[in-house]
Amino acid sequence: MQRISLEQRDDWKTQAESLGFDFHTIDDAPYWDESACYRFSLSQIENDIEDPSEEIENLCFEVVQRAINSEEILTKLAIPADFWDYIRASWLNQEKNLYGRLDFSYDGQGPAKLLEYNADTPTSLYESSAFQWLWLEQAMELDLIPKGCDQYNSIHERLVEAFQTLQRNKDIDGKLHLASCQNSPEDEGTVRYLEECATQAGLETSFLFMEEIGIDANGHFTDLDDMGIRTLFKLYPWEWIMTDDFGKSVPQSGVTFIEPAWKSILSNKGLLPLLWEMFEGHPNLLPAYFSTDPRATQLEGDYVKKPLFSREGSNIEMVRQGEQPLKIAGPYGEEGHIIQALHPLPVFDGNHTVIGSWLVASKPCGMGIREDNSPITKDSSRFLPHVIY
Amino acid sequence: MKRSKSLKLALMGASVLALSACEEPQDVAVFENVDQCSQQDGFDRTSCEENMQLAKDEHIRVSPKYTSVEDCEADFGSTQCEIAPVQTSSGGSVFMPLMMGYMMGNMLSGGSRVATQPLYRSADDPKNFRTGDNQKVAGKTGVSKVPANVAKAPTTKTSTIRRGGFGASAPKMTSSRRSFGG
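Keep in mind it's a predicted model, so treat the numbers as computed, not measured.

Quick notes on the rules
- Residues numbered from 1 in each chain as written.
- Chains lettered and ligands numbered in written order.
- Predicted model: local features only at pLDDT ≥ 70, side-chain atom pairs only at ≥ 80, totals over all residues.
- Heavy atoms only, no water.
- Contact = heavy atoms within 4.5 Å.
- Buried area = accessible area lost by both parts, 1.4 Å probe.
- Salt bridge = Lys/Arg side-chain N within 4 Å of Asp/Glu carboxyl O.
- Polar contact = N/O pair within 3.5 Å; in protein donor to acceptor, adjacent residues only side chain to side chain.
- Core = buried A, V, L, I, M, F, W, Y, C linked by side-chain atoms within 4.5 Å.
- Buried < 20%, exposed > 50% of the residue type's maximum accessible area, 1.4 Å probe, protein only.
- Helix = DSSP H or I, 4+ residues; strand = E, 2+ residues; numbered from the N terminus.
- Disulfide = S-S within 2.5 Å.
- Pairing = 2+ DSSP bridges.
- Axes fitted to C-alpha atoms, helices over the stretch in contact; angles between N-to-C directions.

J.: With reference to specific residues and values, describe the interface of chain B and chain A.
T.: Listed per partner, the contact involves 52 residues of chain B and 89 residues of chain A. Surface buried jointly by chain B and chain A totals about 5,900 Å² across both partners, of which 53% is contributed by carbon and sulfur atoms. Between the two partners, chain B and chain A, sit seven salt bridges. A salt bridge links A:Glu157 to B:Lys5, with the shortest nitrogen-to-oxygen separation between them at 3.8 Å. Linking chain B to chain A there are 28 residue pairs in polar contact (both at pLDDT 80 or more).

J.: Just give me the short version of the nonpolar core, but keep the residues and values in it.
T.: All names here are of chain A. Grouped together as the largest cluster of nonpolar side chains are 79 residues, with contacts concentrated most on Phe40, Ile87, Phe221, Phe257, Ile265, Leu275 and Ile355. Counting residues per element, this core draws most heavily on helix α2 (residues 42–67), which supplies eight residues. If we skip the residues at most four places from it in the chain, Ile355 touches Met1, Phe40, Ile49, Leu102, Asp103, Phe104, Tyr106, Met367, Gly368 and Ile369.

J.: Account for the state of the cysteines, naming residues and giving values.
T.: Residue and element names in this part refer to chain B. Counted according to the given criterion, the structure contains two disulfides over all chains. The disulfide partner of Cys37 is Cys48, and the gap between their sulfur atoms is 2.0 Å. Across the disulfide from Cys37 to Cys48, rotation about the S-S bond amounts to roughly -80°, and the bridge is consequently left-handed. Placement of Cys37 in helix α1 (residues 34–39) and of Cys48 in helix α2 (residues 45–62) is noted, with a sequence separation of eleven residues between them. Taking relative accessible area as the criterion, Cys37 reaches 0% and is therefore assigned buried. For Cys48, a relative accessible area of 0% corresponds to the buried category. There is a disulfide in this structure between Cys72 and Cys81, and the S-S distance comes to 2.1 Å.

J.: I'd like to hear about unusual backbone geometry, residue by residue, with values.
T.: Residue and element names in this part refer to chain A. At the junction of Ile258 and Glu259, the peptide bond is cis and its omega measures out at -5° in the coordinates. Here Glu259 is to be found in the loop between β12 (256–258) and α9 (263–266). Not every positive phi belongs to a glycine, and Asn315 is a case in point at roughly 60°. Note that Asn315 resides in the loop between β14 (303–307) and β15 (317–319). A relative accessible area of 18% places Asn315 in the buried class. Even without glycine at this site, Ser362 takes up a positive phi of about 70°.

J.: Run through the sheet that holds β14(A), naming residues and quoting values.
T.: Residues and elements named next belong to chain A. If you walk across this open sheet you meet the five strands as β13-β17-β14-β15-β16, and the pairing is antiparallel. Edge positions in the sheet fall to β13 (288–290) and β16 (326–327), since each of these pairs with one other strand and no more. Pairing analysis gives three bridges linking β14 to β15, with the strands arranged antiparallel. Following the sheet pairing, Tyr303 is matched in β15 by Val319. Taken strand by strand, helix α10 (residues 271–278) contacts β13, β14 and β17 (337–341), and its axis lies near 120° from that of β13.

Listed below in structure tokens is the structure:
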């Protein structure tokens, strides 16, 4: 694993904009950054990222299987009791999941360590799946990188296949509605991209904002044409659905949700202590405890404290002996915290680097790399492409 | 190779394809009752009965629903409505049009892509059979060709009583935040 400085394509911004990828730059700071790329060997990808991702996904299923039958665990995860039966049913009925991203700290050697699982509402999908792929093709054509390079990235192909399978098996029956929150062009962009994948798979789709969803007299959700919603892809966290006004209508609504409700167990930072408790010593896991657990004191010294529902690095606190704690501001934390052993991100040319390992329909199929000047990556962290050669 | 073999240039913005328009029209069969169905060439009575039952079950789900019989009759004609076996959340009656027939796949050409469903006749266009989401199917019984989207299971037309119940839990977006995801 190396960081290689590169020449940029002259017209990449024009291309990004013509494809609708218009958050490539944020407040004049680059988000998409092709002034460098990361280079991996095939065995680093296959042995250190791909295989562990598949294995962790299976460990996660064991956690879900255990959590749905344990009121103690569901309480620790701060999941409202009104939703326990619904979550359990979503798992037992094998409601299908579409995608997720495991975040790893990995420096090219030794096992990748799982930092967290964005299992419910992962973003940076389009950059990983499509724009990174396009960069590879064009960078080879322009001789910016050697011909014959590869990339760990069949995300797009797998997404289209996954939608085809969902349709064939009637997991998506009729029209697929897709929704994100208003005022987030990035989230909307991610959902519009997934809509494009669904369309390429032959599905009929309709986009609307979460705020626009309606309800009828029978407690069924409706779109802006007053048509009932049967399947809803929502880029909107389950923990917010559960506290929203319409949340209580969800279990009886008859709507199939993607991601399904059981993903709320995996997107919760409480997943990390549960994994450690069940598979302590696994090479890809870091020691982690709920902050209320007396064993959390074992991690005194160097640790990271994370709210159960934190997203995009918000409210994460990093503590190192002899240093001021590093805190990211944000709205989360009232729901409780976990403590995870500190495994600092590797530093390449002064950049802190995190690996996002993508799964589609639970199969690992690609990777996206984010860099930050700070040891905690956030929603503003730069996205850099990668190559295998 | 670890990457996608090809990638149709995927847009992030609004979808440009109206895909249903490109799909092949589908063969569907329309009947008013089981007898009519079983007399059609290539259709056996058992399948006719099974599909009739499927359509009857769907009828409750997909038929247009009204909270007054007058509103229902305005759309479907006098005495063409019945009480639905559901209630509003406040316990009021719900009305729906009578099922006038059903649609199923053509058994001669393998009708697997056709969703069996109930059919209705509206007051303003009584000679045509229509689906629960008001798509025209055919003016006659027997086998007809319809656009692919008509052959799909209908979504239900209903009345929205309230919107805006999702979204309140999202933290207020500040200039430094771009995404609620992760």
